[in-house]
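Reading the structure
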Amino acid sequence: MTLQQHPDDRLTPSAVAARIRRGLRGRSLVLVGLMGSGKSTVGRRLAARLELPFVDSDAEIEKAAGKTIPEIFATHGEAFFRDGERRVIARLLAEGGQVLATGGGAFMDPGTRALVRARGVSVWLKADLDVLMKRVRKRGGRPLLQAPDPEAVMRRLMEERYPVYATADITVESHESPHEVVVDAVIRAVLDYLPDHPPA
C-alpha cells in the first residue's frame, strides 16, 4: 500500500492520534534500532503527533546515575550500564502510555524484549550503513564507536543486531528524508498493526 492510498488518510491528525491511543490501550510505542537510526528525533515528533509523552531511556539512565553514558562506560563498564538499562526500561514500561526511545543495545536483552512484547508495541527504525554513519558522525559521545575503524564496528553491530531487531512488531525504513516522512510511515504502520494485535 503506498502512502497515497492509505484508508486512514481521510482522518484528521487528532482523530488518527486518538485511534492509535485507543488501540494501544495503555501500551507504549517502543522505538528500537541502532545508534543513528533516528529513535530520539523521530520519537519526539511522533509523540507530539500522537499527544503522548516522549521518553528517552538513555536520558533516564543518565538522570538515574548522575553521569553521562560515556562516563558510565568509562567508570563502570558496559555490563554495569546494561544492568541499569534493563531496570530503567522495566520501570518506564510499567508506566505505559508513551513513546519510548531505547538505546541500541536494549532490545538485545531477552528480558527486555519480553517486557516490550508484554507492555508495548515495538517499532524498528531500520537504516542502512551510509545513513547511520552520516548521522553518528554529526554527534560524538558514542562509546561503542570509540575505535580506530568506527564503520567496521557499525557493520559488526548491524550483523549482530539486525536479526534481533527484525523480531520487532513493526519495521519502518529510516532513510535520508525529512523526519516527518518517517513519522508518517510509523503512524501508518501502527494504524495497520493495532487492529489485529490487541494487548495480550
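What you see is a predicted model; the values in this text were computed from it and never measured.

Turning our eyes to something else, we now look at the UniProt feature "binding site: substrate" (unreviewed entry) in the protein. The UniProt record marks Asp-58, Arg-82, Gly-104 and Arg-161 with the feature "binding site: substrate" (unreviewed entry), using the residue numbering of this structure. Tracing the backbone shows Arg-82 in helix H5 (residues 78-95). Classification of Arg-82 by relative accessible area gives buried; the value is 14%. Residue placement: Arg-161 occurs in helix H8 (residues 150-165). Looking at Arg-161, the relative accessible area reads 6%, which means it is buried.

On inspection of all chains with the given rule, the structure shows 4 aromatic pairs. Taking the centre distance of 5.8 Å and the plane angle of 50° together, the rings of Trp-124 and Tyr-165 count as tilted. Here the residue Trp-124 occupies a position in strand S4 (residues 120-126), and Tyr-165 occupies one in helix H8, the gap between them amounting to 41 residues. The burial state of Trp-124 is the same as that of Tyr-165; both residues are buried. Between Tyr-162 and Tyr-165, the aromatic rings sit 6.0 Å apart at their centres with planes inclined by 45°, giving tilted as the arrangement. Placement of the pair is Tyr-162 and Tyr-165 together in helix H8, with a separation of 3 residues, close to one helical turn. In this pair, the class of Tyr-162 matches that of Tyr-165, namely buried. Cluster of aromatic residues (ring-pair linked, three or more members): Trp-124, Tyr-162 and Tyr-165.

Calculation notes
- Residues numbered from 1 in each chain as written.
- Predicted model: local features only at pLDDT ≥ 70, side-chain atom pairs only at ≥ 80, totals over all residues.
- Heavy atoms only, no water.
- UniProt positions renumbered as here; feature names shortened; annotations may be inferred.
- Helix = DSSP H or I, 4+ residues; strand = E, 2+ residues; numbered from the N terminus.
- Buried < 20%, exposed > 50% of the residue type's maximum accessible area, 1.4 Å probe, protein only.
- Phe/Tyr/Trp six-rings, centres within 6.5 Å; stacked < 30°, edge-to-face > 60°.

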